[in-house]
Each structure stands twice: as structure tokens, then as C-alpha cells.
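Here's the letter readout for the chains.
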Amino acid sequence: MALFHFHHLGQNQPSRQCVLSKLQSTLRFVHKRKILWPVEESIATNLPPNEYLKMLLGPIPQIFNQLHSPKALKAPMEYVPIAFGQSIYGATFKAEDFQKRNCSAPIIISLLDDIFDSNGNVSSCVKYALSKALEYNSSVPSIIVSNFKDLAVFSPPSWNRLEPVFERVSTTQPPLALRVISTAYLLEALPVGIYIDLPSPDLEFDEDLILPQGPPQDPNQPLLADDQVFVTCCRHSDFDLATLVRDRARALQFFRWHKHVQQRYSRPVAHPNDRLTGVTNEVGQIFVDVRPIYPFDASEIPAETAAHLKAVQRESSLMTAGIEESFKQSQKFTLKIQSVLAEGTERSICTVYRCQITSIDDNVVSSPSLCLKLFDDRFQQLENPNEDNDLDVARWFDRVVIAEMYALNEAFAYDKLRPAQGSVIPWFYGAHQFTLPDGTVLYGLLIEYIEGWELASDFTRELSPGRQIKLIQSCRHAVRVLDVGDVSQRDWHDGQILLYTNPTTKLDHAVLIDFASTTQTWQPEELNYISNYFGLFQVLRGVTGDPGFDRELVMKHYGEPDDWDPVRAYMPIQPGGRETRVVKARDMFPYILSA
């Protein structure tokens, strides 16, 4: 029998925690993929160790079989027990059995004896079992030993560690701890990205794919005169972008048109008392019909957030006015512009108005004020290439946006977040086609009008600490709603948060707006990287501006990330200070502790 002097794992050695962290990180990135994970069944304690171990570890392969890459894993993974000495099948274990199976995964040893003696040293029985395992391969990644009361992880010598080491694990739930640790070490031993298929963070496009974007143009037809194009084209989707990126002359004409319309038109495109005609639920769909794949799962909302949403709930203003159903079923309507709320910046393509509905299907109605958001890509700031530009023509259009696509994207976000509308999300009344007084056709959204305050305002700065805390906590609840809906805000800034006091309940709370730049999961193999928690956290802390909140109150009361949040960051403990603390999701497995 070979004897080994195992050293207890020191602080400078790679520990079990690193392996668990990898499992946690991996599961956080795929947490939206609902799988069947074995419920903690009741396991009889009087079973022989091998039978007990089989019931405990047998379900582990199922998580890999449900999350693996279909292209890489052809056959399902399965649990195969190999016993030392007399196995449950009556066969005696031999080291060559490992060789036949080409085993490189962790080895798990179950014993009836104590793992440690009264002095805390590794028992002779464990040393014997370890020596038999190491006869096969001294570089086995790890050996997990349990007698279902104690649990220890042994690491043999490696190229950067001359001595074998062990880590003793204490836990209040040995079966759960053994199952999770075994899963973590098995994942560590497997090839990355195969047995748990992590989606790609980068969207991949087929450059040869031609989508039905705009009216088809025969590239063999002669180029139209600029004057004709300037008169007939009103927005980016009036051009066939699939043709433009393959034809330098047509591409140059597009940019000449764009320069022309920017010189001719200015914001705002609508003015107080203007009347706009709308076609109900007409969104100018210009691409294949795709929908986000993960539904809003209200069961994921923590109790305190659900209580907050209920406490601040507002009634739909159109419902209160008695016209919501007739509006939903209408074919057309008329709007009257009351005021301009936001003309937009040089980087934006949207203008926001306060308005009211004056007629539905030619029937005069009286409606409350609403918010109209018009998408107009004529105002996108683009660099105009010249004839001598030698860059690939397709690259000229990398930044070109399509207004209808942004409108649809925001509408998809509102639709997903419908369970929270009227609380931390405005009521949404659809995406529609609008005709301006000059005949220009644009697409836009109708949303609840909220008489709130911007984050960076005197209102915020004059709030008492108690009211600031309530609003900071409300922001945390609001951002959790986005997370539950798989809606990732890619453009966090202080203009996306309104502070509102409910006139009935007098409760202060936050309302999130502007979802045009959000992303959702459209394909399972694509990663929708969600960093909403830290995105809004940075805004409230004043990293990108002056939100008006006390930064110390933000740090203290914003709350911690949810268990599945994949982001970690180092935050200064004091504003402007050098001392930092790590902000990250808590341990998924709090019942696993280091002895």
C-alpha cells in the first residue's frame, strides 16, 4: 500500500471554491434555459454506500444532457459506478478498469469508515483508497471522498504543485453538497463549451443573406436621378439596403439623399395643435417575423419586488377614460399634438410629444394625455463617404439604422414587460403608423404619459434621505423586472428613469422608459448578456452624470445582485476613495462551507 502525506489546502492553492465558481458562472449564463433538475428525493440512510452514491449522483448527467451542444455530444452522458474491492455487480475493481474507460473525470470514493482520525489527519483507509485510484492516473483532476457525514476533496500532485493536498468541506446538507461539488469537478474536467453549451456573446450574420428590406430594386436597371429619389424617399427603409451594400453608385446616392433631407427638415417634425392620422397596429414590418424566445416568468420575481409592484400599481389611463377596448379594435385614429417633450439629441432618431386621441374610427373621443414617440431615421448622424472612399461599401452601412426596427424592438420589450405595466413600466398602447401634416409617414409608439421628474433634477436633490432610499430601492425593483423579462438595456443613462409620486397612494417610485436599444434572446445559441443591475447602479452613483441622489445612500440601499447575475465589479466604498469592495451575486450553494 502506498502512503501519502497530504497537506491541507493553503490560501495560495487553487481551491474547491474556484471550481464551484466556474459552475456557478456557467449556470448563470444559461439560467433562462429551463431544464429538469432532480428534486432532492428521500434517500434511505441504510443503503450500502454504492447504492446510496448511485441514487445521489445518478441524476447529475441529466443536467449535461439537457445543456450540451448537440453538434459535439452525440451520445448521452450516463452515470457508471466502479467500486473498490467487491462492486455491486460482484466484480473486483482493478486499475485497468479505469484505463478501459479512459477516465479523466473526478473519481468519487464512498466509504463507511471515518475520513479523518481524531487528530484531523487523513485515515489509513482513505489513504489506501486514494492509492488505488492513483494507480490508474496520478494526474486525475481530483478525488472526492465521502462517508455521507464528512466530505473532502483531494488533489494529487501536478506540474505546479509537488505535494498532494486536500480540502475538508463542512456542510449542513452532505447529500446536496456532494452532488453539487461532484457536478462542479466533472464540469472542470470536461472540454469547455461542449457539455454545457454557452451561447455566443457575438451575433453572427450571414453576409450572403438578403432580407426583404424595403422595395426590391433591380441592379440591372439604370440609376434613378437624384431629384426623383429625393422626392420619393422619406426614410431609410424606402431604399433596398441589400442592393445598396453591393452597388457603390446607389450607395453614394443614398448618402446624398440623407444629406439633402437633413438640410431640408429639422426637428421637431410635429408642433402643438398639429393633427396626425394613425393606422392602428401598423408597424411597417420589414424583416422576417421573429419573436423573443423566453417569456416573462412572474414566478422569478422575489416577494418584496412583487409587493412593490402591487403597491405602486396605476390604472390604465385609457381604461379609466373608457376607450381602451375601442382603441385596440380600431383601424385608424387621430392625434392632436399638445407639446414637445423631447426633441432628441444628435445621436438619437426619436422625438417625443405629449398628445391626446381626438377620434377613433372617425368617432370623436376624449382621451387623457399620452406620450407619442416618433422614430425618424432621417435625423441619424452619418458620415458621408465620397467617391474616393476605398472602404468596402458594406462597411459604410454599419451604423445605418432602420427606424421601424427600433420601433418594433421597443414594442417587443413593452409586450414582454406587460405584467409590470402600470407600475415601474408605463402602460403601452401599441406601435402604429402615423402621417404628418406634410404627408410624411413615420412609425411610433403610444405610451402612458407620466407626470414625473428626471433623475438629475432639483426634485431629486431636495428629497429627504428617507424618500431617496425608497426611490433607490424602487430602482432596484424596476431593474429586476427587466432581468426577469430577459430585457437587457444596452444604453443606460439618467434619461431612462422617471421619478413619480402616485397621486392616490402618495408612494414614491421609479418608472423606466426608453427600450429602443434593449436586446432579448432571439436564438438559443445567442447570448443576451444582461448587466442591468450594474448599468443602473452606475447611473445612480453618478458615474456618467449627476443623478442627484446621495451616493452613500445608493451604495447602502440599492441592494445586492440576484443569484444568477453574471457580472461582478469593484466598487469604491467611499465616493472617490481607493478602497473597494467586490459586488457580485451571492454563492448559489450556501450550504457548502470550508472547514
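Owing to the predicted nature of the structure, the values given are computational and were not obtained by experimental measurement.

### Considerations on the overall build of the chain
Here comes step 1: Helix and strand content of the chain: 18 helices and 18 strands.
Here comes step 2: Sequence separation of at least 24 residues holds for 73% of the intrachain contacts in the chain that already meet a minimum separation of 6.
Here comes step 3: For the chain, the exposed surface amounts to about 29800 Å²; the carbon and sulfur share of it is 51%.

### Describing the packing of helix H16 (residues 465-484) against helix H17 (residues 532-540)
Here comes step 1: Interaxial distance between H16 and H17 falls to 9 Å at its minimum, and their mutual angle equals 150°. Between H16 and H17, the angle is such that the two are roughly antiparallel. Relative to H17, H16 is oriented so that their crossing is right-handed. Counting all contacts with H16, which are made through Cys-475, Arg-476, Val-479, Leu-482 and Asp-483, the residues of H17 involved are Asn-532, Tyr-533, Leu-536 and Leu-540.
Here comes step 2: A breakdown of the residues in the contact of H16 with H17 according to their chemical character gives 6 nonpolar, 1 polar and 2 charged.

### Here we look at the pairing of strand E5 (residues 165-171)
Here comes step 1: Within E5, 5 of the 7 residues are buried, which leaves it mostly tucked inside the rest of the structure.
Here comes step 2: Bridge count between strand E4 (residues 151-155) and E5: 5 bridges; the pairing is antiparallel. Directly across from Ala-152, in E5, lies its bridge partner Arg-168.

### Here's the deal with the pattern of salt bridges
Here comes step 1: As enumerated under the stated definition, the model contains 22 salt bridges in all.
Here comes step 2: Lys-34 is the partner of Glu-300 in a salt bridge, and the nearest nitrogen-oxygen pair spans 2.6 Å. One end of the pair, Glu-300, is in the loop between strand E6 (275-279) and helix H10 (303-311); the other, Lys-34, is in the loop between helix H1 (16-29) and helix H2 (49-57), and 266 residues separate them in sequence.
Here comes step 3: A salt bridge links Arg-250 to Asp-247, with the shortest nitrogen-to-oxygen separation between them at 3.1 Å. Like Asp-247, Arg-250 is buried.
Here comes step 4: Salt bridges here are not isolated pairs; linked through shared partners, they connect Lys-32, Lys-34, Asp-297 and Glu-300.

### Describing the sheet that holds strand E13 (residues 453-454)
Here comes step 1: The 3 strands are arranged E13-E14-E15 in an open sheet whose pairing can be described as antiparallel. Edge positions in the sheet fall to E13 and strand E15 (508-512), since each has one partner strand and no second.
Here comes step 2: Alignment of strand E14 (residues 497-501) against E15, held across 5 bridges, turns out to be antiparallel. Of the residues in E15, the one forming a bridge with Thr-501 is Asp-508.

### Considerations on empty space enclosed by the protein
Here comes step 1: Scanning the model with the defined rule gives 1 cavity of 30 Å³ or more in all.
Here comes step 2: In this structure, the largest cavity occupies an estimated 200 Å³ of space.
Here comes step 3: Around the largest cavity, the lining is made up of 19 residues, and of these Phe-29, His-31, Lys-32, Leu-527 and Asn-528 lie nearest the centre.
Here comes step 4: For the lining of the largest cavity, the residue count by class is 10 nonpolar, 4 polar and 5 charged.

### Side note on the packing of aromatic side chains
Here comes step 1: For the structure on display, the rule yields 22 aromatic pairs.
Here comes step 2: Between Tyr-52 and Phe-148, the ring centres sit 4.3 Å apart and the planes meet at 45°, which makes this aromatic pair tilted. With Tyr-52 in helix H2 and Phe-148 in the loop between strand E3 (143-146) and E4, the pair connects residues that are 96 residues apart, well separated along the chain. With respect to class, Tyr-52 is no different from Phe-148; both count as buried.
Here comes step 3: Between Phe-239 and Phe-254, the ring centres sit 5.0 Å apart and the planes meet at 85°, which makes this aromatic pair edge-to-face. One end of the pair, Phe-239, is in the loop between helix H7 (226-232) and helix H8 (241-244); the other, Phe-254, is in helix H9 (residues 248-264), and 15 residues separate them in sequence.
Here comes step 4: Residue class for Phe-239 comes out buried when judged on its relative accessible area of 4%.
Here comes step 5: Take Phe-254: its relative accessible area is 0%, and that puts it in the buried class.
Here comes step 6: Cluster of aromatic residues (ring-pair linked, three or more members): Phe-239, Phe-254, Phe-255, Trp-257, Trp-396 and Phe-397.
Here comes step 7: The cationic tip of Arg-541 hangs over the ring face of Phe-537; the distance from NZ or CZ to the ring centre is 6.0 Å.

### Considerations on the environment of Ile-450
Here comes step 1: Relative to the helices and strands, Ile-450 is located in the loop between strand E12 (441-448) and E13.
Here comes step 2: Spatially, the C-alpha atoms of Ile-450 and Cys-371 are 8.1 Å apart, while their sequence positions differ by 79 residues.
Here comes step 3: Dropping the residues within four chain positions of it, Ile-450 is found in contact with Arg-314, Pro-426, Leu-498, Tyr-500 and Val-511.

### Focus: the nonpolar core
Here comes step 1: Of all hydrophobic cores here, the largest spans 60 residues; its most connected members are Ile-425, Ile-497, Leu-536 and Tyr-558.
Here comes step 2: In terms of residue count, H16 provides more of this core than any other element does, 9 residues in total.
Here comes step 3: Ranked by size, the runner-up nonpolar core spans 35 residues in total, among them Ile-63, Val-153, Val-169 and Ile-592.

### Description of helix H3 (residues 60-67)
Here comes step 1: In terms of burial, H3 is a largely internal element, 6 of the 8 residues being buried.
Here comes step 2: By the burial criterion, the buried members of H3 are Ile-60, Pro-61, Ile-63, Phe-64, Asn-65 and Leu-67.

### Here's the deal with the environment of Asn-273
Here comes step 1: With respect to the helices, strands and loops of the structure, Asn-273 is situated in the loop between H9 and E6.
Here comes step 2: With 64 residues separating them in the primary sequence, Asn-273 and Ile-337 have C-alpha atoms 5.2 Å apart.

### So, the side chain of Asn-409
Here comes step 1: Relative to the elements of secondary structure, Asn-409 occurs in helix H14 (residues 403-416).
Here comes step 2: Residue classification places Asn-409 among the buried positions, given a relative accessible area of 14%.
Here comes step 3: A distance of 2.8 Å separates a polar side-chain atom of Asn-409 from the backbone oxygen of Ala-516.
Here comes step 4: From its side chain, Asn-409 meets the backbone oxygen of Thr-518 in a polar contact 2.8 Å long.
Here comes step 5: Sequence-distant contacts of Asn-409, defined by excluding residues within four places in its chain, comprise Phe-515, Ala-516, Ser-517, Thr-518 and Trp-522.

Reading guide: rules and limits
- Every residue gets a number counted from 1 within its own chain, in the order that chain's sequence is written.
- Restriction of local features to residues with pLDDT of at least 70 applies here, the model being predicted, together with a cutoff of 80 or more for giving and counting side-chain atom pairs; totals for whole chains, interfaces and linings are based on all residues.
- With hydrogens and water excluded, all non-hydrogen atoms of the structure serve as input to the side-chain values.
- What counts as a helix is a DSSP run of H or I of at least four residues, what counts as a strand is a run of E of at least two, and both are numbered from the N terminus.
- Contact between two residues is taken to exist if any of their heavy atoms lie within 4.5 Å; hydrogens are not considered.
- Areas reported here follow the Shrake-Rupley algorithm with a probe of radius 1.4 Å; residue values treat only the protein chains shown as occluding.
- Where helices are involved, their axes are fitted lines through C-alpha atoms of the stretch in contact, as for all axes, and angles between N-to-C directions lie from 0 to 180°.
- Orientation labels follow simple angle bins: below 35 degrees gives roughly parallel, above 145 gives roughly antiparallel, 65 to 115 gives roughly perpendicular, and whatever is left gives oblique.
- In this scheme the handedness of a crossing depends on how the near helix is turned from the far one: anticlockwise by less than a right angle means left-handed, clockwise means right-handed.
- Gly is placed with the polar residues, together with every amino acid not listed as nonpolar (Ala, Val, Leu, Ile, Met, Phe, Trp, Tyr, Cys and Pro) or charged (Asp, Glu, Lys and Arg).
- For every residue, the accessible area obtained with a 1.4 Å probe (protein chains only) is divided by the maximum for its type, and the residue is called buried under 20%, exposed over 50%, and partly exposed between those limits.
- Each pair of strands is called paired provided DSSP finds at least two bridges between the two strands.
- Salt-bridge detection follows one rule: a side-chain nitrogen of Lys or Arg within 4 Å of a carboxyl oxygen of Asp or Glu.
- Cavities and pockets were defined on a 1 Å grid built over protein atoms only: a cavity is a set of grid points that admits a 1.4 Å probe from which the probe cannot escape, a pocket is an open set flanked by protein on both sides within 12 Å along at least five of seven lines, and lining residues are those with an atom within 4 Å of any such point.
- Grid points are joined across faces, edges and corners, and a volume is the space filled by probe spheres set on the points.
- Each aromatic pair joins two rings of Phe, Tyr and Trp (for Trp, the six-membered one) with centres within 6.5 Å, and gets the label stacked for planes under 30 degrees apart, edge-to-face for over 60, and tilted for any other angle.
- Comment: the charge-over-ring label is applied if NZ (Lys) or CZ (Arg) is within 6 Å of the ring centre and within 35 degrees of the ring normal.
- In this description, a nonpolar core means a group of buried Ala, Val, Leu, Ile, Met, Phe, Trp, Tyr and Cys residues linked to one another through side-chain atoms lying within 4.5 Å.
- Definition of a polar contact: a pair of N or O atoms within 3.5 Å, with one able to donate and the other able to accept a hydrogen when the atoms are protein atoms, and with sequence-neighbouring residues admitted only if both atoms are side-chain atoms.

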